[in-house]
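Commentary on secondary and tertiary structure
Each chain, letter by letter, is given below.
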Amino acid sequence: MSLRPNLLSLGLALALAGGLAACKPAGNEAAAPEPAKPAAAAAAAAATPVSGVDLAGMDKSVKPGDDFDAFANGGWRKNFEIPADRSNYGAFTVLLETAEKRNAELIAQLAASKPAAGTDARRIADFHAAYMDEAGIEKRGLQSLQPQLDSIKAIASRADLSRVLGAGVRADTDPLNATNFHTDNLFGVFVAKSLDEPAYVATLMQGGLGMPDREYYLSQDKDMAATRAAYETYIAALLKQAGIADAETKAKAILSLETKIAKAHAPVVDSQNVHKSNNPWPAAAFAQRAPGIDWTAFFDAAGLSAQKTVVAWQPGAIAGIARLAGSEPLPAWQDYLTFHALDHAAWNEPLRGPGELPKAYTDLAFGFHGTTLAGTPQARERGKRALDATSAALGDAVGKLYAEKYFPASSKAKVEEMVHNILAAFDERVDSLAWMSAQTKAKAREKAKSMRVGVGYPERWRDYAKLEIRADDALGNRLRAELQEYRHQIGKLGQPVDAGEWWMTPQTVNAVQLPLQNAMNFPAAILDKPFFDPDADPAANYGAIGAVIGHEISHGFDDTGAEFDGQGKLHNWWTPEDSKHFAEATQKLAAQYSAYEPLPGLRVNGKLTSGENIADVSGLTIAYMAYRKSLGGKEAPVIDGLSGDQRFFLAFGQTWRSKIRDAALRQRILTDGHAPAAQRAQTVRNIDAWYDAWGAKPGEKLYLAPEQRIKIW
């Protein structure tokens, strides 16, 4: 899954951001059959709404006011073991598994139907068949990678190096989403609407690291030092597997070069600052501002030679990396590029799983990327990986079938109604803010009113007619799909901006807010149990998917969203006084999250996670308002001994139910713009109604005096 749109959004990153939890009973015992009920009792039972929360997963020995996450999820956590093929597990994993099962059914049906050549159905069937052809993959070896390896071997000048670097650029980076900073290419290109005008622009971004972030290279922490040693061992082993001589010496040199690249990299927090990063450079100026690369050769090979302007998102990093390209020995660059070509083919980073090379290569890649970096004991079975890879490469083709079969119009209508209600609650909330000026209120309400909402699936589908998919070339299929995606992205340059563009496929378990489009996407796959149940009581739906919707709406008005107006232009519409109040509130929220210590000695970075924390607090606030408004002035029924408000907050807490391995948790704390799931569940401590619902009292660990509760929206 790619979350590339985060120049446009700080989206939820749900599927990747801390491993959420299954909302299902703690045990696996079969339920005893219920005795027959009299007709009247049966009718009454049928009329009682489904509560939508998991009572068995709670731990009632914990006071809600001490640890709401443990109270809501402790029973489940005690009895659940993370599967050996995952680094984390949670409610989002349940949604992922549902989508995976449905994709399997769709693809099996396609294969059985023997679709005609040249159709998307045939492309899906052939891509999947090639991935499952283990014998064919073993036989092909490095064949599909050989043209790339040959071009690297042929580098004889800096101009040659520049052409190879440009030809290797792909659309696999994301300006604001730290989890996607890892790229095997020295640079990445992101194409989206300009921050300043209604036109598409290409943004050049830092890349080139085989580990998740610069801190993995520079930190003196003993665990990081051990990871670096393991990485060097992996580099040598992968080179040796490919028959490359003097692998150990070359591994040391490659790690040394990557460390120099890491030193040039901008920190994640700086990369999230649009004012530091909005640097449109004339293409002709790159040679002067970032000498070392033959930029004419680079841009030509990257398909960007026609661009008069390219945005340098991290100008210092681009200049620093270019300097290395001009000064480090060519053989060192050849070894570096050879390793990364092998690593990219052996490990599919967007899918966090083994790639399409023979087993000897993918076992090595999983040992480092899967086990060392994420703590996962074993790889997911090939059949599941094949589904993920097919869905990623042919996302809209699979998504169109998925939406048609699994997302009924009735569900779409109910979710759209919830979105409407939550937007109305936001409007009401803005109107009630005593600290905000009338001028800023008017701009906020105008922006909310014009926000475009996409539910389920896009209005237009991607065309894959030019993508060659072969039933006997798994790695070639992936490489061609990546190139096709890049060509699709740069093909937008010079075209009118599509305000309705979707950045996620229907089968993606995620949601996103798009400041440059002033829009939101809610794919079909997240609009399902346990987040959304059309038959469940509204309290649970508003506490779960309602809070997700509120979260995304709030992103339009968080520390990044406040920088963009209703037309998606970089323009802060706050008065200076309102901006000051907002900044003070966000600093207090950052301090609240920075006090959390998920691992001994490792605290949450409240500044890095600021935008997501704001969206969690604000989203929960307006989801609760919308829920209460939906009751029409009446009180909700008591179900399973719980009031409506209790079910609302419990459903929210259970969406963040999580178990995650320490290595994966460490990586996310250091690189992810989202706080860990357990800490996100504690968002409730800032909501007055939670105290009334669950009776949190002074002296309990989560208790905040009313004046200490953070209220941003």
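None of these values were measured; they are calculated from a predicted model.

Attention now moves to the environment of N510. Of note, N510 is situated in the loop between α22 (474-490) and β9 (512-514). Expressed as a C-alpha distance, the spacing of N510 and V548, which sit 38 residues apart in the sequence, is 9.4 Å.

Two descriptors summarise a pair of aromatic rings, namely the distance from one centre to the other and the angle between the planes of the rings. One pass over the full model with this rule turns up 43 aromatic pairs. Each ring, one from F426 and one from W713, has its centre 5.3 Å from the other, and the planes form 50°; the classification is tilted. Residue F426 is found in helix α20 (residues 409-432), and its partner W713 is found in the segment after α29 (688-694); the two are separated by 287 residues along the sequence. Given the relative accessible area of 1%, F426 is considered buried. Geometrically, the ring pair formed by F648 and F649 is edge-to-face, given 5.0 Å between the ring centres and 90° between the ring planes. In this structure F648 comes out as buried when scored by relative accessible area, which is 0%. The exposure class assigned to F649 is buried, which follows from its relative accessible area of 0%. Among the aromatic side chains, those forming a connected cluster through ring pairs are F426, W435, F557, W573, W574, F582 and W713.

In this section: helix α23 (residues 538-555). In an α-helix there are 3.6 residues to a turn, and that puts residues three or four apart on one side. The terminal C-alpha atoms of α23 lie 23 Å apart, and with 18 residues this matches the ideal 26 Å at 1.5 Å per residue to within 8%. The principal kink in α23, of about 40°, is found at G546. The buried count for α23 comes to 17 of 18 residues, which makes it a mostly enclosed element.

As a further point, take the pairing of strand β10 (residues 519-523). Where burial is concerned, most of β10 is hidden: five out of the five residues are buried. Pairing geometry for strand β8 (residues 452-456) and β10, over five bridges, is parallel. Bridge assignment links V455 to a residue of β10, and that residue is F522. Across three bridges, the pairing between β9 and β10 is antiparallel. Residue pairing in the sheet places Q513 in a bridge with M520 of β10. Here β9 folds back onto β10 in antiparallel fashion, the turn holding four residues, of which N518 has a positive phi close to 50°.

How each quantity is defined
Residues numbered from 1 in each chain as written. Predicted model: local features only at pLDDT ≥ 70, side-chain atom pairs only at ≥ 80, totals over all residues. Heavy atoms only, no water. Helix = DSSP H or I, 4+ residues; strand = E, 2+ residues; numbered from the N terminus. Phe/Tyr/Trp six-rings, centres within 6.5 Å; stacked < 30°, edge-to-face > 60°. Buried < 20%, exposed > 50% of the residue type's maximum accessible area, 1.4 Å probe, protein only. Expected span 1.5 Å × (residues − 1). Bend = angle between axes of the 7 residues up to and from the residue. Pairing = 2+ DSSP bridges.

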